[in-house]
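What follows is each chain in one-letter form.
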Amino acid sequence: MKSTGIKEIIIPLSKYATVDEDAYLYEAVAELEMTREKSKLNLYPHSSVIVLRNNEEAIGILTYLDTFKALEPKYMEMGDISSLSRFGLSHKYLKSMLEAHNLFEKPLDDICRKASELKVKNFMRSPEEAEFVDENATLNEVVHQFVVGNYPSLLVTDGEKIIGALKLSDVFHEISVRIKECRI
């Protein structure tokens, strides 16, 4: 029977897509693309960038959705809207928000200027407590954390320090390998 730990599937911070908090959106996007190019053999490329302070200490995360929100500053004014669709609001209502708040009226028109002016630290997301997992956690614990938290990745810690990341896709791959080993 395989180990039930997660150490084998953790991506060390040194191999994960990272940018400094003073980087611009353009640099974060370029880092994600470069990481994707490097991992062409990986079926599940990174979908986030870990944000570092002084290129050392991990302090935040930047996902695809955070990037979209940065391009439309009005989302920041609306507060946390990430879970609105889970409250049973209709697609029609959610679409009406686009018009009512003039969202994405022209955010892509000057995307090059925005990408070179928006600093990552102004729109990165500070991880919630539930997004951290200890490096000694079991696969069972991690699966539970992904299910209840609905996160694309978890930040792996060694005590207080972030040492890497664990992607949902990599955990899924590990589970699928185990399922395929079953004799039915």
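As shown above, the structure is provided for reference.
A brief report on the enclosed structure follows. Since this is a predicted model, take the numbers as computed values, not measurements.

## Here's the deal with the sheet that holds strand 4 (residues 57–63)
- Taken together, the three strands give an open sheet; going across it, the order is 2-3-4, and neighbouring strands pair in mixed fashion. Edge positions in the sheet fall to strand 2 (18–20) and strand 4, since each has one partner strand and no second. Here the strands of the sheet are splayed against their neighbours by 35 degrees on average, with no regard to which way each runs.
- Bridge analysis of strand 3 (residues 48–53) against strand 4 gives six bridges, and the strand direction is antiparallel. Paired with Ile50 across the bridge in strand 4 is Ile61.

## Some points on the nonpolar core
- Ile50, Leu62 and Val120 are the most contacted members of the largest nonpolar core, which has 25 residues in total.
- When residues of this core are traced back to their parent elements, those giving at least two are helix 1 (25–38), strand 3, strand 4, helix 2 (64–71) and strand 7 (161–167).
- No other element matches the four residues that strand 3 contributes to this core.
- Once you skip the residues sitting within four places of it in the chain, Val120 turns out to touch Val19, Asp20, Glu21, Ala23, Tyr24, Leu25, Ala28, Val51 and Leu62.
- Core analysis: the second largest hydrophobic core is formed by 13 residues, Ile9, Leu154, Leu166 and Val171 among them.

## A look at the pairing of strand 7
- For strand 7, the tally of buried residues reaches five of seven residues, placing the bulk of the element in the interior.
- For strand 1 (residues 11–12) and strand 7, the ladder comprises two bridges, and the chain directions are antiparallel. Paired with Ile11 across the bridge in strand 7 is Ala165.
- Both strand 6 (residues 153–158) and strand 7 contribute to a ladder of six bridges, which runs antiparallel. Following the sheet pairing, Ser153 is matched in strand 7 by Lys167.
- If you look at the hairpin formed by strand 6 and strand 7, you'll find two residues sitting between the two strands, and Gly159 has a positive phi there, around 75 degrees.

## Some points on the sheet that holds strand 6
- Strand order in the open sheet formed by four strands is 1-7-6-5, with mixed pairing between adjacent strands. Edge positions in the sheet fall to strand 1 and strand 5 (132–134), since each of these pairs with one other strand and no more.
- With three bridges joining them, strand 5 and strand 6 adopt parallel strand pairing. Bridged to Phe132 within strand 6 is Leu155.
- In this fold helix 6 (residues 139–149) packs onto strand 5, strand 6 and strand 7, with an angle of close to 135 degrees to the strand it touches most, strand 6.
- Sitting on the sheet, helix 7 (residues 168–180) touches strand 1, strand 6 and strand 7, and the angle it makes with strand 7 is about 55 degrees.

## With respect to the environment of Ile61
- Its place among the elements puts Ile61 in strand 4.
- Using a relative accessible area of 2% as the deciding quantity, one classes Ile61 as buried.
- When the C-alpha atoms of Ile61 and Ser48 are compared, they prove to be 6.7 Å apart, with 13 residues separating the residues in sequence.
- Filtering out sequence-adjacent residues up to four positions away, Ile61 remains in contact with Ser48, Val49, Val51, Asp66, Met124, Arg125 and Ser153.

About the criteria used
All residue numbers refer to positions counted from 1 along the written sequence of the respective chain. Totals for whole chains, interfaces and linings use every residue, but because this is a predicted model, local features are given only for residues with pLDDT of at least 70 and side-chain atom pairs only at 80 or more, for both listing and counting. As a rule here, side-chain values cover all heavy atoms of the structure and leave hydrogens and water aside. For two strands to pair, DSSP has to find at least two bridges joining them. Helix and strand assignments come from DSSP, with helices taken as H or I runs of at least 4 residues and strands as E runs of at least 2, each series counted from the N terminus. Note on definitions: angles span 0 to 180 degrees between N-to-C directions of axes, and those axes are lines fitted to C-alpha atoms, for helices only across the stretch in contact. Nonpolar cores were defined as sets of buried Ala, Val, Leu, Ile, Met, Phe, Trp, Tyr and Cys residues, with membership established by side-chain atoms within 4.5 Å. For each residue, the accessible area found with a 1.4 Å probe, counting protein chains only, is set against the maximum for its type, and the residue is called buried under 20%, exposed over 50%, and partly exposed in between. Here, residues are in contact when the closest pair of their heavy atoms is within 4.5 Å.

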